[in-house]
Amino acid sequence: VILMADKEAEGVAAGFTSSSDDEATPGPATAGAGGGLTPALQQQIELRKRRAMALRAKKQAEREAAAAAVQAAEATLRPVRDGAAADAAAPPGKRRKRDAGASAWRKDTQAGFFLAEEDEDAGPAAGQGHESAAAAELAPEIDNPFYPAHPKCKDCNAEFWNSQLQVQFGVMVCDKCQAEHKEGKYSLITKTAAKADYLLRESDLGGLPDSLRFIEKKNRRNEKWARIKLYLLAEVEARSFSLYGGEEGLDAEFDKREAAKKTRAVVKQTKVMKKLRKDTLTARWMKEPEKHEHEYGAENHNAEDDTWSRVCNDCGHVDVYEKM
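Rules behind the numbers
Residues numbered from 1 in each chain as written. Predicted model: local features only at pLDDT ≥ 70, side-chain atom pairs only at ≥ 80, totals over all residues. Heavy atoms only, no water. Helix = DSSP H or I, 4+ residues; strand = E, 2+ residues; numbered from the N terminus. Buried < 20%, exposed > 50% of the residue type's maximum accessible area, 1.4 Å probe, protein only. Contact = heavy atoms within 4.5 Å. Areas by Shrake-Rupley, 256 points an atom, 1.4 Å probe, with all protein chains shown as cover. Core = buried A, V, L, I, M, F, W, Y, C linked by side-chain atoms within 4.5 Å. Pairing = 2+ DSSP bridges. Axes fitted to C-alpha atoms, helices over the stretch in contact; angles between N-to-C directions. Polar contact = N/O pair within 3.5 Å; in protein donor to acceptor, adjacent residues only side chain to side chain. Salt bridge = Lys/Arg side-chain N within 4 Å of Asp/Glu carboxyl O. Patch = residues over 30% accessible without salt bridge, like charges linked within 9 Å, V, L, I, M, F, W, Y side chains within 5 Å. Lys, Arg positive; Asp, Glu negative; His and termini not counted. Charge placed at Lys NZ, Arg CZ, Asp CG, Glu CD. Parallel < 35°, antiparallel > 145°, perpendicular 65-115°, else oblique. Nonpolar A, V, L, I, M, F, W, Y, C, P; charged D, E, K, R; others polar. Phe/Tyr/Trp six-rings, centres within 6.5 Å; stacked < 30°, edge-to-face > 60°. Lys NZ or Arg CZ within 6 Å of the ring centre and 35° of its normal. Disulfide = S-S within 2.5 Å. pLDDT = per-residue confidence, 0-100.

A few words now on the overall build of the protein chain. In terms of helices and strands, the protein chain carries 9 helices and 10 strands. For the protein chain, the proportion of its 324 residues judged to be buried stands at 22%. By sequence separation, contacts in the protein chain at least 24 residues apart represent 36% of the contacts at least 6 residues apart. Counting every atom, the protein chain has about 24100 Å² of accessible surface; 54% of that belongs to carbon and sulfur.

Next up, the structure:
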């Protein structure tokens, strides 16, 4: 609208007027041979100019009112921290000093996190190192014992925001120290190896509140099989040493279990061999009967049925027979 008004003013200045049909028509005749504008034409140009300026001011006021309404709506939705109202009311040059790292409010970026708006004169908080003020502000609000406000690595004593071991196992070790001991105490061990090599029980590896933490991964042999549980070697060793009284106690328990295992194997083998001998009827378990030769005495004749008989002198066996 403003551009149209300016163009109309230029057209009037050039000796043309704009009709309602947006067609350029010749305006009033310019005065005299000198080419100057008549008073009536100058008055019309001034009137059009004032009308365009008023229209511009009206549009500008409407835009400012809309922006103020949007800001008021955002202010009601975002959580205002303590002291934000006092800072807003105070003059820009006399804004009160707040603690380092504190911000007036947090702006929702609609991207999954809040963006802290800080004062220009507020520097980084003491002791935070490379951490941002937003991280320092959000850290105390996390209600989790594994994520303190300013964690320090227990190996190098350096501050860090988060790490892989902290998130997965709750161990306060930075990623740099983990990489240095990746093949050692910070390596991962399977559940089967933890039972076989460190003699841990099923209750130590899951199912109870004090059980060791673990992560699950797909089985590399077959994705349809059960997922593999991986434990941190340092935690497995610490739990095993606490159960058996250190490394020497663990070795003694190993020897004890190996001796019991051998004893059970010998007993089992003895039972198997005994059953095998019994099933095969060897001479040790079943003796062959001795052959007996009868020694008969005198023959006796039975006249009723015309048969003969004799009796063995050793076993008393009676042999009955007929004579042809």
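On to the nonpolar core. Residues Cys-153, Leu-165, Phe-169, Val-171, Val-173 and Leu-232 are the most contacted members of the largest nonpolar core, which totals 13 residues. Those residues in contact with Leu-165, other than ones at most four positions away along the chain, are Gly-170, Val-171, Val-173, Gln-178, Tyr-186 and Leu-232.

Let's shift gears to the sheet that holds strand β10 (residues 318-321). Strand order in this open sheet of 3 strands is β8-β9-β10, and the pairing throughout is antiparallel. Either end of the sheet is taken by a strand with one partner, and the two such strands are β8 (300-302) and β10. Strand-to-strand twist in this sheet, taken as the mean axis angle between neighbours without regard to direction, amounts to 25°. Pairing analysis gives 3 bridges linking β8 to strand β9 (residues 307-311), with the strands arranged antiparallel. Residue pairing in the sheet places His-301 in a bridge with Trp-308 of β9.

Bringing the side chain of Gln-178 into the picture now. Structurally, Gln-178 can be placed in helix α6 (residues 175-180). Engagement of the side chain of Gln-178 in a polar contact is seen with the side chain of Gln-164, the distance being 3.5 Å.

Now for the pattern of salt bridges. Taken as a whole and judged by the stated rule, the model has 10 salt bridges. With a shortest N-O distance of 3.5 Å, Arg-50 and Glu-46 are connected by a salt bridge. With Arg-50 and Glu-46 both in helix α2 (residues 39-77) and 4 residues apart, this pair spans about one turn of that helix. Glu-46 gets classed as partly exposed once you look at its relative accessible area, which sits at 37%. One salt bridge connects Glu-216 with Arg-227, and the closest N-O pair in it is separated by 3.6 Å. Here the residue Glu-216 occupies a position in strand β6 (residues 214-217), and Arg-227 occupies one in the loop between β6 and β7 (228-232), the gap between them amounting to 11 residues. Owing to a relative accessible area of 40%, Glu-216 belongs among the partly exposed residues under this scheme. Look at Arg-227 and you get partly exposed, because its relative accessible area is 44%. Taken together, the shared-partner salt bridges connect Lys-191, Lys-195 and Glu-202 into one network.

Residues Glu-247, Glu-248, Asp-251, Asp-255 and Glu-258 make up a contiguous surface patch of negative charge. Position of Asp-255 relative to the elements: it lies in helix α9 (residues 246-280).

It is worth spelling out the packing of helix α8 (residues 233-244) against α9 at this point. The N-to-C vectors of α8 and α9 enclose an angle of 75°; their axes lie 8 Å apart at closest approach. With respect to each other, α8 and α9 are oriented roughly perpendicular. For the pair α8 and α9, the contacting residues are Ser-240, Phe-241 and Tyr-244 in the first and Gly-246, Glu-247, Gly-249, Leu-250, Glu-253 and Arg-257 in the second. Here the contact of α8 with α9 is built from residues that sort into 3 nonpolar, 3 polar and 3 charged.

This next bit is on the pairing of β10. Within a regular strand, the side chains alternate between the two sheet faces. Relative to β10, β9 runs antiparallel, the two sharing 4 bridges. In the sheet register, Arg-310 faces β10, and the bridge partner there is Asp-319. Linking two consecutive strands that pair antiparallel, namely β9 and β10, is a turn of 6 residues; a positive phi of about 80° is found at Gly-316 within it.

Before going further, it helps to examine the packing of aromatic side chains. Two numbers describe a pair of aromatic rings. These are the distance of the centres and the angle of the planes. Under the criterion given, the structure shown has 1 aromatic pair. Note on Phe-214 and Tyr-231: the rings are 5.5 Å apart at their centroids and 50° apart in plane angle, and the pair reads as tilted. Note that Phe-214 is positioned in strand β6 and Tyr-231 in strand β7, a separation of 17 residues in sequence. In this structure Phe-214 comes out as partly exposed when scored by relative accessible area, which is 30%. A relative accessible area of 0% places Tyr-231 in the buried class. We note Lys-323 situated over the ring of Trp-308; from NZ or CZ to the ring centre the distance is 4.1 Å.

Counted under the stated rule, the structure contains 0 disulfides. Between Cys-177, a cysteine without a disulfide, and Cys-174, which holds the nearest cysteine sulfur, the sulfur-to-sulfur distance is 3.5 Å. Just so you know, Cys-312 is unpaired, no disulfide at all, and the nearest cysteine sulfur is the one on Cys-315, 3.6 Å from it.

On to the confidence of the model for the protein chain, then. With 64% of its residues at a pLDDT of at least 70, the protein chain reaches an overall mean of 74. Contacts of residues 12-34 to residues separated by more than four positions or lying in other chains number 26 contacts, the stretch itself having pLDDT below 50. Confidence over residues 80-105 falls short of pLDDT 50; this stretch has 37 contacts with residues more than four positions distant or in other chains.

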